[in-house]
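Breakdown of the fold
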Amino acid sequence: IDNAQDFLQLPLDFQGFCIHTLVTQNRLLLPGNPAFGVIKFAGRYCVFATERGCADFCAEPDRYFASVREVCYKHPELIHLLRIHEDFPTASLHAIVQGTAGSAS
């Protein structure tokens with residue numbers, strides 16, 4: 001655990017939304033609260049809407065990152081909204097939309 005005096009200046013990933021809530025509450029986008037901490041994992045700065053969300057994420061960060069990816073494949077509009085398009089370098093938005101359109105039928 002590092003304490004950074006300038007934590008409010010850190011570039012928050014996922015547009016500052018709580019990925020725990022995104023994954024566990026059916027894509028609900030709630031802003032994270034830096035007062036609960038800014039967690040750096042895999043080069044990303046994450047914030048959470050609740051202390052429990054922060055603790056759950058810290059226990060299994062890989063699971064939450066994988067779940068965000070899965071949610072974005074099912075709901076590609078989130079890719080650009082969360083500004084994580086660099087996580088999908090081989091998948092164009094068009095291809096993802098076509099893939100989800102076929103599964104919706």
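Just above, that's the structure.
Owing to the predicted nature of the structure, the values given are computational and were not obtained by experimental measurement.

Things to note about the packing of aromatic side chains
Scanning all chains against the criterion turns up six aromatic pairs. Plain terms: the ring middles of Phe 41 and Phe 65 are 5.3 Å apart, the flat faces sit at 85 degrees to each other, and that makes the pair edge-to-face. Of this pair, Phe 41 sits in strand 1 (residues 39-41) while Phe 65 sits in helix 3 (residues 61-74), and the two are 24 residues apart along the sequence. Accessibility expressed as a relative area gives 23% for Phe 41, which makes it partly exposed. Assessed through its relative accessible area of 19%, Phe 65 is described here as buried.

Brief notes about the state of the cysteines
Counting across every chain of the model gives zero disulfides. Considering cysteine sulfurs only, Cys 54 is the nearest to Cys 18, which forms no disulfide, with 8.8 Å between them. Unpaired in this structure, Cys 46 has its nearest cysteine sulfur neighbour in Cys 58, at a distance of 9.2 Å.

Observations concerning unusual backbone geometry
Phi at Gln 15 takes a positive value of approximately 60 degrees, unusual for a residue other than glycine. Relative to the elements of secondary structure, Gln 15 occurs in the segment before helix 1 (19-24). On the basis of relative accessible area, Gln 15 is assigned to the partly exposed category, the value being 41%. A positive phi angle is found at Asn 26, which is not glycine, with a value near 55 degrees.

Thresholds, definitions, all that
Residues numbered from 1 in each chain as written. Predicted model: local features only at pLDDT ≥ 70, side-chain atom pairs only at ≥ 80, totals over all residues. Heavy atoms only, no water. Phe/Tyr/Trp six-rings, centres within 6.5 Å; stacked < 30°, edge-to-face > 60°. Helix = DSSP H or I, 4+ residues; strand = E, 2+ residues; numbered from the N terminus. Buried < 20%, exposed > 50% of the residue type's maximum accessible area, 1.4 Å probe, protein only. Disulfide = S-S within 2.5 Å.

All quantities given are derived from atomic positions and should not be read as evidence of function.
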